[in-house]
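Commentary on secondary and tertiary structure
These are the residues of each chain, in order.
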Amino acid sequence: MSESDTIEKPQHYVRPDVQAFLAMMNAVEAPPMSAVGPEMARAGYVAMGQMAEADPRPLAVIRDLSCPGPAGDIALRLYDKRETRDASPVVVFYHGGGFVIGDLETHHSLCTAIADELDLPVVAVDYRLAPEHPFPAAPDDCEAATRWIAGSPAELGRTVTGLVTTGDSAGGNLTIVVSQALAADPAAVPVLVQAPLYPVADDNLDDWSYHAFAEGFLLTRETMIWFGECYAPEAGHPRSAPIKGDLSKTPPTVLVTAGLDPLRDGGRAYGAALIQAGVDVSYLELKGTIHGFAQTRKALPSANDDLSAILGEVRLKLARAGA
């Protein structure tokens with residue numbers, strides 16, 4: 001027996017609802033996404049959401065629209081709990097899915113919850129996906145859409161005083177990338193707060209968390225490798241690994257990681273780098289839960305409190321900004 005065999009593996013705290021959900025998901029003998037390809041992976045992502053995600057909340061306004069993009073029109077969806085409202089910040093949401101899966105429908109319920117709890121308009125961005133449209137199509141689309149929203153276009157029907165950029169996983173990456181782009185070259189209104197949820201902050205797949213949670217915790221290291229092969233980013237480029245970008249002008253940030261997430265340590269490193277750069281950061285590491293918790297709030301009741309805590313921090317940041 002080698003010395004490594006005698007070392008006990010750390011026992012990770014897992015919330016009871018997370019443990020039950022993982023037991024169910026791990027009992028399903030499904031092939032990995034890399035084996036079925038993008039189309040079936042996208043269908044599987046939709047199916048999981050239908051099973052695990054909370055019902056959407058009723059809102060006064062849910063309206064599809066579009067804006068010009070670098071390769072044609074970009075589909076958007078506006079959410080608002082008020083039919084009309086005075087000038088206000090607007091939340092811009094970028095969905096997750098490894099830059100390969102996900103769309104307006106997969107994150108529809110989450111966007112209704114954000115619009116309801118923040119009492120702000122939310123605009124979700126349906127950016128181009130890989131492998132059909134590899135890097136940098138996603139950040140190019142998201143930046144173009146965000147600049148369009150910032151200009152209070154007539155199609156939006158809202159006067160925008162500032163932006164809150166947010167998104168989960170790949171969308172957390174795009175949150176940071178867009179915030180950096182608008183800090184370097186300002187849009188019509190500033191980013192007041194960014195709130196990346198368990199983001200892809202770096203392109204390092206050798207963090208300890210990538211190995212500790214490589215399989216069995218919903219998102220796997222193998223899937224992240226496949227996402228990277230599809231997305232084909234330029235290694236170390238700030239628009240794919242934003243921890244390597246200019247952090248000095250980062251807006252106030254609510255950064256969220258999950259305790260059982262392969263991406264966790266990259267998020268921790270990004271948070272530490274922001275603090276060292278003097279950025280106003282609220283860092284929430286949610287113990288005992290997994291990547292994707294914000295989209296599995298029916299299966300994980302505890303995630304509803306997590307989402308409320310996150311949005312509470314966003315409200316505090318906005319209040320501090322006078323918004």
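This report concerns the structure included in the present document. (Residues numbered from 1 in each chain as written. Predicted model: local features only at pLDDT ≥ 70, side-chain atom pairs only at ≥ 80, totals over all residues. Heavy atoms only, no water.)

It is worth spelling out the pairing of strand β2 (residues 74–80) at this point. Here β2 lies mainly inside the structure; six of its seven residues are buried. Here strand β1 (residues 61–67) pairs with β2 via seven bridges, running antiparallel. If you follow V61 over to β2, its bridge partner there is D80. Count of turn residues in the β1/β2 antiparallel hairpin: six residues, of which G72 carries a positive phi of about 120°. One ladder, built from five bridges, connects β2 with strand β4 (residues 122–126); its direction is antiparallel. Considered in β4, the bridge of L76 is made with V125. (Buried < 20%, exposed > 50% of the residue type's maximum accessible area, 1.4 Å probe, protein only. Helix = DSSP H or I, 4+ residues; strand = E, 2+ residues; numbered from the N terminus. Pairing = 2+ DSSP bridges.)

With mixed pairing, eight strands are arranged side by side in an open sheet as β1-β2-β4-β3-β5-β6-β7-β8. Looking at strand neighbours, the two that pair on one side only are β1 and β8 (281–286), the edges of this open sheet. This sheet shows a mean twist of 20° between the axes of neighbouring strands, independent of strand direction. In the packing of helix α11 (residues 302–320) onto the sheet, contacts are made with β5 (160–168), β6 (191–197), β7 (253–258) and β8, and the angle to β8 comes to roughly 175°. (Axes fitted to C-alpha atoms, helices over the stretch in contact; angles between N-to-C directions. Contact = heavy atoms within 4.5 Å.)

Turning our attention to helix α6 (residues 137–150). Taking 1.5 Å of rise per residue, the 14 residues of α6 would be expected to cover 20 Å, and the 20 Å separating its terminal C-alpha atoms lies within 8% of that figure. Counted residue by residue, α6 has 11 buried out of 14 residues, so it is predominantly covered. (Expected span 1.5 Å × (residues − 1).)

Further remarks concern the nonpolar core. Formed by 47 residues in total, the largest nonpolar core has its most connected members in L76, V125, Y127, I149 and L163. In terms of residues, this core owes the most to one element, α6, which gives six residues. Excluding residues that lie within four positions of it along the chain, L76 makes contacts with R63, D64, L65, S66, C67, L104, V123, A124, V125, A145 and W148. V91, L120, L192 and A303 belong to the second largest nonpolar core, which has 42 residues in total. (Core = buried A, V, L, I, M, F, W, Y, C linked by side-chain atoms within 4.5 Å.)

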